[in-house]
Amino acid sequence: LDLVKYIEDGKPDKARGDTPAAMQDMRKLEIRIIKDTVLGRATTLLAEAKDKDAKDIARKGYDEATLAYDRAVKFIDASPRDQEQVNRLGSQATFLAQRSVRLAEEVAKLKEVKPRDLEQVVVESEQRMQRVAEAMHHPDVRDLSLTEQSVTLAKAAEKLASQNDKQSAADTEKL
C-alpha cells in the first residue's frame with residue numbers, strides 16, 4: 001500500500017527504493033501460503049500422530065513422516081514455484097503422516113492384546129489375506145505362513161495386472 005501511495009503522491013523514486021523489501025515480503029507470504037496449502041493436512045496429521053504417541057510407540061514411521069515433511073518444507077523454501085515437485089513432496093509428506101497415525105493406532109491396539117489373544121491377531125491377519133485371495137479368485141492360501149501368503153498373492157496380483165495390461169493393449173489396438 002505504501003508503494004501505491006508513493007506513486008500516487010508523485011514519489012516514484014521512494015516507491016522504487018522500497019520495492020525490494022516489499023518483494024521479499026511478498027515472497028515470504030507466497031511461501032507461507034504454499035506451505036499451508038500443500039502441507040496443511042500433513043501438519044495436522046503429524047500433530048495427531050504426536051498426540052497418539054507415535055514418536056514413542058511407532059518411532060520409525062513417525063521419523064519417516066517428519067523427515068518427509070522437513071524435506072518438503074526445505075524444498076518449498078528453496079523452490080516454491082516448482083509446482084510438480086512441491087505437490088509430489090507434499091503428497092508424500094501427507095501420505096507418510098497419515099501412515100504414522102495409523103501405525104500408532106495399530107501399535108496401541110497390539111499393546112493391549114493379552115498373550116492368550118495373540119492367535120486371534122494372527123487369524124485376523126490371515127482373514128485380510130484371504131479377502132484379497134477371494135477378490136482375485138485365488139485358491140485359499142491360509143495353509144502358508146503370513147509372509148508366504150503375501151508373496152503368493154502379490155505374484156498372483158502381478159499376473160492379473162499383466163493380463164489386464166495385455167488385454168487393454170489388445171482392446172486399444174482394436175479401436
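Everything that follows concerns the structure shown earlier in this document.
Keep in mind that what you see is a predicted model, and the values were worked out from it rather than measured.

Trainee: How should I be thinking about the overall build of the chain in this particular structure?
Mentor: Scanning the chain for helices and strands turns up 7 helices and 0 strands. In the chain, the succession of helices and strands from N to C terminus is α-α-α-α-α-α-α. By principal-axis analysis of the C-alpha atoms, the chain measures approximately 85 × 60 × 20 Å. Looking at the chain residue by residue over its 175 residues, the buried ones come to 23%. Taking contacts inside the chain between residues at least 6 apart in sequence as the whole, the part at least 24 apart equals 55%.

Trainee: Can you walk me through the nonpolar core in this structure?
Mentor: In globular proteins that are soluble, nonpolar side chains generally tend to be buried together. Of all hydrophobic cores here, the largest spans 23 residues; its most connected members are Leu39, Leu46, Tyr69, Ile76 and Ala93. Looking at this core, the elements with two or more residues in it are helix H2 (12-51), helix H4 (59-78) and helix H5 (83-111). Among the elements that make up this core, the one with the highest residue count is H2 (8 residues). Excluding its chain neighbours within four sequence positions, the residues that come into contact with leucine 46 are Tyr62, Ala65, Thr66, Tyr69 and Ala97. Ala133, Val141, Leu153 and Ala156 belong to the second largest nonpolar core, which has 5 residues in total.

Trainee: How should I be thinking about the packing of H4 against H5 in this particular structure?
Mentor: How two helices pack is summed up by the angle between their axes together with the distance between the axes. At a minimum axis distance of 8 Å, the contact between H4 and H5 shows a crossing angle of 160°. It follows that H4 is roughly antiparallel to H5 by the angle criterion. Of the two possible hands of crossing, H4 and H5 adopt the one that is left-handed. Note on element contacts: H5 touches H4 through Gln85, Val86, Leu89, Gln92, Ala93, Leu96, Ala97, Arg99, Ser100 and Leu103, opposite Gly61, Tyr62, Glu64, Ala65, Ala68, Tyr69, Arg71, Ala72, Phe75 and Ile76. A class-by-class count of the residues in the contact of H4 with H5 yields 13 nonpolar, 4 polar and 3 charged.

Trainee: Looking at this structure, I do not really get the environment of arginine 59. What am I missing?
Mentor: By the secondary structure assignment, arginine 59 is in helix H4. Classification of arginine 59 as partly exposed rests on a relative accessible area of 40%.

Trainee: How should helix H7 (residues 146-174) be read in this particular structure?
Mentor: Residues three or four positions apart in an α-helix share a direction because the helix packs 3.6 residues into each turn. Between its first and last C-alpha atoms H7 spans 42 Å; for 29 residues at 1.5 Å apiece the expected length is 42 Å, and the two agree. On its buried face, H7 sits against helix H6 (118-135).

Trainee: How do you make sense of the pattern of salt bridges when you look at a structure like this?
Mentor: If the charged atoms of two oppositely charged side chains come close together, the side chains can form a pair. Evaluation of the coordinates by the stated rule reveals 9 salt bridges. Notably, a salt bridge pairs glutamate 105 with lysine 52, separated by 2.5 Å at the nearest N-O pair. One end of the pair, glutamate 105, is in helix H5; the other, lysine 52, is in the loop between H2 and helix H3 (54-57), with 53 residues separating them in the sequence. Classification of glutamate 105 by relative accessible area gives partly exposed; the value is 22%. Of the charged contacts, one joins aspartate 140 and arginine 142 as a salt bridge, the two residues approaching to 2.5 Å between their closest N and O atoms.

Trainee: Just to check I follow, could you spell out unusual backbone geometry for this structure?
Mentor: Not every positive phi belongs to a glycine, and aspartate 53 is a case in point at roughly 60°. Secondary-structure assignment places aspartate 53 in the loop between H2 and H3. At histidine 137, a residue that is not glycine, the phi angle is positive and equals roughly 60°. If you trace the backbone, histidine 137 turns up in the loop between H6 and H7. Given a relative accessible area of 73%, histidine 137 falls into the exposed group.

Trainee: Quick question: what am I supposed to make of the side chain of serine 100 here?
Mentor: Position of serine 100 relative to the elements: it lies in helix H5. Apart from the residues within four sequence positions on either side, serine 100 is in contact with Ala49, Ala54, Gly61, Tyr62 and Ala65.

Definitions and cut-offs
Residues numbered from 1 in each chain as written. Predicted model: local features only at pLDDT ≥ 70, side-chain atom pairs only at ≥ 80, totals over all residues. Heavy atoms only, no water. Helix = DSSP H or I, 4+ residues; strand = E, 2+ residues; numbered from the N terminus. Buried < 20%, exposed > 50% of the residue type's maximum accessible area, 1.4 Å probe, protein only. Contact = heavy atoms within 4.5 Å. Core = buried A, V, L, I, M, F, W, Y, C linked by side-chain atoms within 4.5 Å. Axes fitted to C-alpha atoms, helices over the stretch in contact; angles between N-to-C directions. Parallel < 35°, antiparallel > 145°, perpendicular 65-115°, else oblique. Left-handed = near helix turned anticlockwise from the far one by under 90°. Nonpolar A, V, L, I, M, F, W, Y, C, P; charged D, E, K, R; others polar. Expected span 1.5 Å × (residues − 1). Salt bridge = Lys/Arg side-chain N within 4 Å of Asp/Glu carboxyl O.

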